[in-house]
Amino acid sequence: MDIKPVRRERRGRRRLATENPEVQRRLLAAAGEIIASDGWPALRIEDLVRRAGLSVGTFYLYFDNKADLFVQLVIQHTERLQARLREAYDAEGTAQDRLDRALDAYLDFVTDTGPGFLHFRNAGNIETTIGPLSTWAFEQHASDLRPILETAMSEGAIRRDDPDLLAQAMLALNQHIAALWLEHPDRYSRRQIKQFLSDFVAFGLNGNR
């Protein structure tokens, strides 16, 4: 995915004729580990490459700067979540069954990524060559969710409405409530969070307006 932050360093990085996917994977994995344990603000390039067993020079062969690294991490984060949600969406069952499985997959992902999820949520509006990064990420998920909502509408499970707006509303609510759960783990249990979000979906599916 060729998405870059708008603001770059004045000197462009030296380009490789052919990038090594394994080297990039190691850098991204090391960054993910640091974010999970210490948070994004604590990430230093020197610590990152040491953890990855590489050099600072190698880092700049693959990324322009930390902002460029962040963009690639969000892309990876989005693709991993997409893969989990698509598996739930593609399973058999009613629209409500599939959405319920997707909600479990989403909450599992939130639990697994923890601090990384919060940071990407909080800082994901970085301006890129295709617009705000958070807008791009939301659209990736909305494009997968829309067909299920459209099917539910055609079957009469939910009243006909704008599927784009409904998908965006559901995604925004899930993200906000999941972040609230992570920030206040002693206040809410996973069961409470899932029940609240499931009730929201059921409200829409039953057409109770």
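Along each chain, residues carry numbers from 1 onward, in the same order as the chain's sequence is written. Local features in this predicted model are restricted to residues of pLDDT 70 or higher, and side-chain atom pairs are both shown and tallied only at a pLDDT of 80 or more, whereas totals for entire chains, interfaces and linings draw on every residue. Only heavy atoms go into the side-chain values, all of them from the structure, while hydrogens and water stay out.

## Describing the pattern of salt bridges
So, point 1. Take a side-chain nitrogen of Lys or Arg and a carboxyl oxygen of Asp or Glu: if they are within 4 Å of each other, that pair is a salt bridge. Under the defined criterion, the tally for this structure stands at 16 salt bridges.
So, point 2. A salt bridge links Lys4 to Asp68, with the nearest nitrogen and oxygen atoms 3.0 Å apart. Of this pair, Lys4 sits in the segment before helix H1 (21–38) while Asp68 sits in helix H4 (residues 66–90), and the two are 64 residues apart along the sequence.
So, point 3. Since its relative accessible area comes to 9%, Lys4 is described here as buried.
So, point 4. Its relative accessible area of 0% is what places Asp68 among the buried residues.
So, point 5. Through salt bridges with shared partners, a single ionic network connects Asp100, Asp104, Asp108, Arg190 and Lys194. Helix and strand definitions here come from DSSP, where helices need a minimum of 4 consecutive H or I residues and strands a minimum of 2 consecutive E residues; each element is numbered from the N-terminal end. Buried means the residue's accessible area, taken with a 1.4 Å probe over protein chains only, is under 20% of the maximum for its type, while exposed means over 50%, and partly exposed covers the values in between.

## Some details on the nonpolar core
So, point 1. By size, the foremost hydrophobic cluster in this structure holds 35 residues, and its most contacted members are Tyr106 and Leu145.
So, point 2. The contact criterion used throughout is that any non-hydrogen atoms of two residues lie within 4.5 Å. Apart from residues lying up to four places away in sequence, Tyr106 is in contact with Leu81, Leu85, Phe117, Asn174, Gln175 and Ala178.
So, point 3. Among the buried residues, those of types Ala, Val, Leu, Ile, Met, Phe, Trp, Tyr and Cys that are joined through side-chain atoms within 4.5 Å form a nonpolar core. Ala31, Leu61, Val74 and Ile75 belong to the second-largest nonpolar core, a separate cluster that totals 28 residues.

## Topic: the packing of H4 against helix H5 (residues 95–113)
So, point 1. Helix axes use the C-alpha atoms of the stretch in contact, all axes being lines fitted to C-alpha atoms, and the angles between their N-to-C directions lie in the range 0 to 180 degrees. Contact geometry for H4 and H5: axes closest at 8 Å, N-to-C directions at 150°. As summarised for this structure, H4 and H5 are arranged roughly antiparallel, according to the angle between their axes. As for how H4 packs across H5, the hand of that crossing is right-handed. Across from His77, Arg80, Leu81, Arg84, Leu85, Ala88 and Tyr89 in H4, the residues of H5 making contact are Arg98, Leu99, Arg101, Ala102, Ala105, Tyr106, Asp108, Phe109, Asp112 and Thr113.
So, point 2. The class makeup of the residues in the contact of H4 with H5 is 9 nonpolar, 2 polar and 6 charged. Roughly parallel means an angle under 35 degrees; roughly antiparallel, over 145; roughly perpendicular, 65 to 115; everything else is oblique. The hand of a helix crossing depends on one turn: near helix anticlockwise from the far one by less than a right angle means left-handed, and clockwise means right-handed. Residues are grouped as follows: nonpolar covers Ala, Val, Leu, Ile, Met, Phe, Trp, Tyr, Cys and Pro; charged covers Asp, Glu, Lys and Arg; every other residue, Gly included, is treated as polar.

## Thoughts on helix H2 (residues 45–52)
So, point 1. Those residues of H2 not exposed but buried are Ile45, Leu48, Val49 and Ala52. Buried residues in H2, looked at end-on, bunch into an arc of 90°, giving them a common side.
So, point 2. Structurally, H2 contributes buried residues whose contacts are with H1, helix H3 (56–62) and H4.
So, point 3. Following H2 by one or two positions, Gly53 adopts a phi angle in the positive range, close to 70°. It is the directions from the helix axis to the C-beta atoms that the arc portrays.

## Focus: the confidence of the model for the protein
So, point 1. pLDDT expresses, on a scale from 0 to 100, how confident the predictor is about each individual residue. The predicted model of the protein averages 87 in pLDDT, with 90% of residues at 70 or higher.
So, point 2. Within the protein, helix H6 (residues 115–123) has the poorest average pLDDT of any element, 82, and H2 the best, 95.

## Brief notes about the environment of Thr128
So, point 1. As for its position among the elements, Thr128 is in strand S1 (residues 127–128).
So, point 2. Once the C-alpha coordinates of Thr128 and Lys4 are considered, the two residues, 124 residues apart in sequence, prove to be 5.4 Å apart.
So, point 3. In this structure, Thr128 is in contact with Ile3, Lys4, Pro5, Val6, Val71 and Leu133, ignoring residues within four places of it in sequence.
So, point 4. Within the structure, Thr128 has its side chain in polar contact with the backbone oxygen of Gly131 (distance 2.6 Å). Polar contact is the term for a pair of N or O atoms within 3.5 Å; when the atoms are in protein, one must be able to donate a hydrogen and the other to accept it, and sequence-neighboring residues count only if both atoms are side-chain atoms.

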